[in-house]
Amino acid sequence: MTKTDRRMVIFWMIAGPLLVAWWFFLQWMNSPQRIVAPIAYLTNIIPLHSTVGDAARIADALLSRRGTRTYLILVQDMQTARPTGGDIASVVLVVMHDGVVTSVTSHDPRDLADAPIDRDQYDAITMGLPAAVNPFSMRDSNWFTDFPTSARIAAHIYRVQFPQISIDAVLSVDAVALDVVLDAIAPLTVGECVVRNGNDVVHQQCRRTGGMMDSAKAHFVGDALSAMFTSISHTASVWQRMALLKAFVQLCDTKHIHITPLRNMNLSAPLQRRGWDGSVDAVWKKDYIMVDDGAVSPYGVESRVSRSVTYAIDLSQSIPQAVVTVRYAYGSTAPHKMSVADYLTFVRVTVPRNTWFTSVVPCESAPHYGMKYGRRYAACTVRIPYGSTTDVVFHYNLPIDVRNHYPYDVKIQHHAGVGAVPWTIRIRKAGSDGLQTYSAVVDRDMTLRRDIVDTSPF
């Protein structure tokens with residue numbers, strides 16, 4: 001090989017990857033949905049079971065250019081907590097054809113009549129709910145611990161009203177998720193309304209250009225989402241799209257977005273692997289805990305309620321014992337006590353299967369115990385007067401196997417409707433007189449050893 005030939009080989013070894021990278025950059029800038037499919041294809045070949053790889057697979061399936069996709073989006077108001085998000089404020093049907101949004105239709109959930117459902121299959125998870133809650137109505141369909149159950153019920157209710165509609169997947173979004181999109185593409189105008197933040201969309205508030213604020217019609221939510229889709233597709237820069245892709249992963253991790261496929265879209269594996277479908281983890285074999293709750297009344301007071309959780313476990317006993325304390329402070333920081341309604345909340349704790357609950361206090365009525373998702377749970381309704389702090393305490397005995405697993409790990413599965421919650425974990429191990437204490441602000445699914453001990457021990 002001559003010297004000139006060697007130079008040419010070196011030149012193309014350097015120039016080739018740069019040209020390929022430049023081609024990818026141009027494709028992303030001009031038509032982002034065209035670049036998602038090759039990335040997803042490459043990650044399937046490698047395979048790359050990383051966050052990037054899973055996100056690429058999900059985006060490729062959702063933005064499919066192969067036919068028509070129909071998505072039901074539940075827009076949730078986190079000012080009223082629900083186990084898988086917030087109060088369902090709007091229901092939006094989005095139809096995409098070959099990767100392009102072709103129609104967006106929004107509904108007030110109160111306008112969608114209850115549908116006949118075989119309630120026997122849901123008895124285990126509906127018993128114990130407050131009498132005021134109808135989990136088979138569209139507005140209250142997210143009172144279940146896992147989002148897939150809520151998604152199936154919401155889709156069934158919608159299909160009964162509109163039998164010609166075939167739904168491929170159900171998604172949930174809240175004001176935090178909408179804020180991220182608006183920050184990237186702002187300003188956004190819908191008719192005569194200026195949309196400044198996610199709460200404007202969720203609460204259907206129209207901000208006029210002159211500064212006045214009016215209540216908008218139900219279709220305003222659909223119009224706002226349609227304007228967001230159009231802005232991202234046609235006017236967003238490459239940097240805005242990159243920021244949105246990164247934010248999508250963060251929002252799914254922190255459960256401001258849930259995705260549940262109802263048809264085979266090759267989504268189930270990456271969604272379950274990342275916990276982005278909102279299902280209860282039935283695979284984890286070591287210690288496990290999930291605390292979820294929902295506000296029965298009054299509506300829209302979550303900004304006045306703060307939560308914290310303490311988990312204390314004693315592994316030194318012949319039968320491991322655990323105590324979960326959920327502390328609610330309702331309006332306790334207000335300078336003057338107000339005469340307002342008590343905060344009534346339904347709180348539920350899900351733990352390993354072979355657990356035995358011994359007590360739950362205080363409760364408005366007898367606590368309810370059950371088994372679902374391969375795990376045991378206890379639940380009750382609690383009343384908190386305004387200006388006070390109340391501790392709800394769950395006592396239970398854990399299976400002996402928990403003590404035998406080494407190293408000891410506990411998985412905390414996050415409840416989507418409450419944002420970030422401070423947790424304190426106290427562990428007394430066998431043969432030890434001292435306590436190990438850890439703390440973390442939990443805003444996603446976490447494990448003690450990997451996510452808490454290594455980052456924020458006392």
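Further up the page is the structure itself.
Residues numbered from 1 in each chain as written. Predicted model: local features only at pLDDT ≥ 70, side-chain atom pairs only at ≥ 80, totals over all residues. Heavy atoms only, no water.

A. Broad picture of the overall build of the protein chain. Helix and strand counts for the protein chain come out as 12 helices and 21 strands. A burial count over the protein chain gives 50% of its 458 residues as buried. Restricting to contacts in the protein chain with at least 6 residues of sequence separation, those with at least 24 account for 65%. When the accessible surface of the protein chain is totalled, it reaches about 21,500 Å², and 55% of it is carbon and sulfur. (Helix = DSSP H or I, 4+ residues; strand = E, 2+ residues; numbered from the N terminus. Buried < 20%, exposed > 50% of the residue type's maximum accessible area, 1.4 Å probe, protein only. Contact = heavy atoms within 4.5 Å. Areas by Shrake-Rupley, 256 points an atom, 1.4 Å probe, with all protein chains shown as cover.)

B. Fine view of the sheet that holds strand E2 (residues 85–97). Pairing is mixed in the open sheet, where 5 strands are placed in the order E3-E2-E1-E4-E9. Edge strands, defined here as strands with exactly one partner in the open sheet, are strand E3 (100–107) and strand E9 (257–261). On average, each strand axis in the sheet is tilted by 25° relative to the strand beside it, whichever way the strands run. As defined by bridge partners, strand E1 (residues 68–82) adjoins E2 across 12 bridges and the pair is classed as antiparallel. Bridged to tyrosine 71 within E2 is valine 94. This element, helix H3 (residues 51–62), spans E1, E2 and E9 of the sheet and lies at about 120° to E1. (Pairing = 2+ DSSP bridges. Axes fitted to C-alpha atoms, helices over the stretch in contact; angles between N-to-C directions.)

C. Here's a closer look at the environment of alanine 169. Secondary-structure assignment places alanine 169 in strand E4 (residues 169–174). Excluding its chain neighbours within four sequence positions, the residues that come into contact with alanine 169 are Thr70, Tyr71, Leu72, Thr260, Pro261, Leu262 and Met265.

D. The arrangement of the packing of aromatic side chains in detail. Applying the stated criterion to the full structure yields 9 aromatic pairs. With a centroid separation of 6.1 Å and 75° between ring planes, the pair formed by phenylalanine 248 and tryptophan 276 is classed as edge-to-face. Residue phenylalanine 248 is located in helix H9 (residues 238–253), and its partner tryptophan 276 is located in the loop between helix H10 (268–274) and strand E10 (287–297); the two are separated by 28 residues in the primary sequence. Pair check on accessibility: phenylalanine 248 and tryptophan 276 agree, each one buried. Chaining the aromatic ring pairs together yields one cluster made of Tyr328, Tyr330, Tyr343 and Tyr386. (Phe/Tyr/Trp six-rings, centres within 6.5 Å; stacked < 30°, edge-to-face > 60°.)

E. Region of the structure containing the state of the cysteines. Using the criterion set out here, one finds 2 disulfides in the structure. Covalent S-S linkage joins cysteine 193 and cysteine 206, the inter-sulfur distance amounting to 1.8 Å. On the sign convention where negative is left-handed, the bridge of cysteine 193 and cysteine 206, at about -95° about the S-S bond, is left-handed. Within this pair, whereas cysteine 193 is found in strand E6 (residues 193–195), its partner cysteine 206 is found in strand E7 (residues 205–208), the two being separated by 13 residues in sequence. For the pair cysteine 193 and cysteine 206, a shared accessibility class is recorded, and that class is buried. Residue pairing for cysteine 363: its cysteine sulfur links by disulfide to cysteine 380, the two sulfurs lying 2.4 Å apart. Across the S-S bond linking cysteine 363 and cysteine 380, the dihedral sits near -75°, which makes this disulfide left-handed. Separated by 17 residues along the polypeptide, cysteine 363 in the loop between strand E14 (356–361) and strand E15 (368–372) and cysteine 380 in strand E16 (residues 375–384) bring together distant segments of the chain. Taking the relative accessible area as the measure of exposure, cysteine 380 reaches 2% and is therefore buried. Numbered by position along the chain, the disulfide-linked cysteines of the protein chain connect as 1-2, 3-4. (Disulfide = S-S within 2.5 Å.)

F. Quick peek at the packing of helix H6 (residues 175–185) against helix H8 (residues 219–234). In contact at an axis separation of 11 Å, H6 and H8 are set at 45° when each is read in the N-to-C sense. In this view, H6 runs oblique relative to H8, as classed from their interaxial angle. In this structure, H6 crosses over H8, and the sense of that crossing is left-handed. Packed against H6, whose contacting residues are Leu178, Val181, Leu182 and Ile185, the element H8 presents Leu225, Met228, Ser231 and Ile232 at the interface. (Parallel < 35°, antiparallel > 145°, perpendicular 65-115°, else oblique. Left-handed = near helix turned anticlockwise from the far one by under 90°.)

G. Highlighting helix H5 (residues 147–161). The end-to-end C-alpha separation of H5 is 21 Å, in line with the 21 Å expected for 15 residues at 1.5 Å each. Among all positions in H5, only Phe147, Pro148, Thr149, Ser150, Ala151, Ile153, Ala154, Ala155, Ile157 and Tyr158 are buried. (Expected span 1.5 Å × (residues − 1).)

H. Representation of the pairing of E16 in the model. Taking burial as the measure, the 10 residues of E16 include 8 buried ones, the bulk of the element. The pairing of strand E13 (residues 343–351) with E16 spans 9 bridges and is classified as antiparallel. Following the sheet pairing, tyrosine 343 is matched in E16 by isoleucine 384. In this sheet, E16 lies alongside E15 in antiparallel orientation, the contact comprising 5 bridges. In the strand pairing of E16, lysine 372 is matched with arginine 375. Where E15 folds back onto E16 in an antiparallel hairpin, the turn is made up of 2 residues, including tyrosine 373, whose phi is positive at roughly 60°.

I. Spotlight on the sheet that holds strand E8 (residues 213–215). Taken in spatial order, the 4 strands make up an open sheet running E5-E6-E7-E8, and their pairing is antiparallel. Since the sheet does not close on itself, it has two edges, and those belong to strand E5 (188–190) and E8, each with one partner. Between one strand and the next, the sheet's axes are offset by a mean angle of 45°, whatever the strand orientation. Strands E5, E6 and E7 of the sheet are contacted by H8, whose axis makes an angle of about 140° with E5.

Nothing here speaks to function; it is all geometry.
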